[in-house]
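Here is what each chain is made of, one letter per residue.
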Amino acid sequence: MHLGQDAELDVLRKRVRELASRHAPPRHGRTGVRAPEPEQVPALRKWTGMLFAENLLGVHWPVEHGGLEDPHPLHESVVTDELIRVGAAGPVGGGLLAAAAIIASGSAAQKDFFLPRIRSGEDIWCQLFSEPDAGSDLAGLRTKARLDGDAYVVDGQKVWTTNGQHADRGYLLARTDPDAPKHAGITAFALDMNTPGVTVRPLREITGTSDFNEVFLDGVRIPADRVIGGVNQGWAVTTTSLAHERSSAGSGASLFGALDRLARLAGEITRDGCPAIDRDDVRQVIGGFVADVHVNSLVSAFGDSRALHGSGDVADAPVSKILFSEINLALHEYGMQLQGHDGVRVEGDPLVHDNGWWQDAFLYGRAFTIAGGTNEVLRNLIAERALRLPR
Ligand SMILES: Cc1cc2nc3c(=O)[nH]c(=O)nc-3n(C[C@H](O)[C@H](O)[C@H](O)COP(=O)(O)OP(=O)(O)OC[C@H]3O[C@@H](n4cnc5c(N)ncnc54)[C@H](O)[C@@H]3O)c2cc1C
């Protein structure tokens, strides 16, 4: 059997294609995880609900919460890849990340309340972790939560909150014990984003889009039963969902799509009077990317498979993420380099290639090297925890 190529997965791919052709809202025409326009959100909620109802997502969840008895280890990565391949939208928001935390650490009541709402698309989640002075050093976060009667009162600021402008719920980390060692005083909460005192302010990025937000928390009351996984246990809860984020940060399908675009681009651009694709130096580079993209795809499938069989290594998800994000960046940089002076053109310019897709992908490409832990920090992690090198 070839990894990721057995008959069961071919049937799954076909099911995704059929469902997507009938019901999927179109994917945004850009790379990466991008926030939808407000008017697109209702259709995306419905589509998210359909993906769960059709057992395309959430299959690794406990059976009593909608998971399957014996899902294929690659089921969800195949679904994600196929959706990208056919240009269909994926699920909206960070529900899968929040669900990973709730399933691993939440109470029975939290599982019964939140998981069906994620599955139906009723609740869009965002992740409220990073702060202006706490990103890589997440344990240095300063947002505070103090117990007041039957609720915690939260004050602080979060930043880089993907989809915060559309979210119904926030998976929040806050400091509940300022005197404990920094990893030991943090608690995870499920926050209702409509609570008084929550202000979401979209950020405008270099790409011209607003995918992230600042979130201000002023005297926000969270009922004490919305603590996920115990008071001051937030660091352990977080580790679960960050591992999930790293393994799902980038999809191989988006790289295969970018390769197709690169070959097309090299066919359109002329060098010394002939298409760039006819030149040996250009073909050498593109051939190298083809090899890299195939390696990335295999490494990512191998890591997913090991994780789901319980034989994973602490380096698997970071290696996949580093590999994906650096190939992605190099490929888009080369696409821009091929365009020469035309690389400065932008979306809407009649002479720009691929309607500015390359410029957007080039600018956004750096985001993948940062999201879910920067590549520098992940390299440290591999060195210290997998290779056990001295700190
Ligand atoms: C696409 C995207 C989506 C995101 N979505 C969310 C979200 O939904 N919710 C959320 O909470 N956050 C989100 N983030 C934020 C993300 O988690 C942080 O950007 C990331 O953790 C890095 O933190 P920082 O930006 O504060 O950079 P810093 O931690 O300030 O790092 C700055 C630079 O210093 C380097 N550096 C830092 N520490 C070390 C070290 N020990 N060794 C070597 N180099 C180091 C870093 O690699 C980086 O190059 C998102 C980010 C991106 C790009």
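- An unreviewed UniProt entry lists the chain under the name Acyl-CoA dehydrogenase, from Mycolicibacterium diernhoferi.
- Per its UniProt entry, the chain bears the Cofactor (unreviewed entry) comment "FAD".

## Some points on the overall build of the chain
Here's step 1: Per the secondary structure count, the chain includes 11 helices and 10 strands.
Here's step 2: Against the globule reference of 21 Å for 391 residues, the chain gives a C-alpha radius of gyration of 22 Å, in line with a compact fold.
Here's step 3: Summarising its shape, the C-alpha atoms of the chain cover approximately 75 × 50 × 45 Å along the three principal directions.
Here's step 4: Considering the chain as a whole, with its 391 residues, one finds that 47% of them fall into the buried category.

## Quick notes on the site of the ligand
Here's step 1: Taken together, 17 residues lie near the ligand, and Ser130, Ser136, Trp160, Thr374 and Glu376 sit nearest.
Here's step 2: Residue glutamine 127 places a main-chain N or O atom 2.7 Å away from a nitrogen atom belonging to the ligand.
Here's step 3: With respect to the ligand, the backbone of serine 130 contributes an N or O atom lying 2.7 Å from an oxygen atom.
Here's step 4: Across the complex, the protein chains shield 64% of the 970 Å² of accessible surface that the ligand would expose by itself.
Here's step 5: Only helix H10 (357-370) and helix H11 (375-386) provide two or more residues apiece to the shell around the ligand.

What counts, and where the lines are drawn
- Residues numbered from 1 in each chain as written.
- Predicted model: local features only at pLDDT ≥ 70, side-chain atom pairs only at ≥ 80, totals over all residues.
- Heavy atoms only, no water.
- UniProt positions renumbered as here; feature names shortened; annotations may be inferred.
- Helix = DSSP H or I, 4+ residues; strand = E, 2+ residues; numbered from the N terminus.
- Rg over C-alpha atoms; globule rule 2.2 N^0.38 Å.
- Buried < 20%, exposed > 50% of the residue type's maximum accessible area, 1.4 Å probe, protein only.
- Near = heavy atom within 4 Å.
- Polar contact = N/O pair within 3.5 Å; in protein donor to acceptor, adjacent residues only side chain to side chain.
- Areas by Shrake-Rupley, 256 points an atom, 1.4 Å probe, with all protein chains shown as cover.

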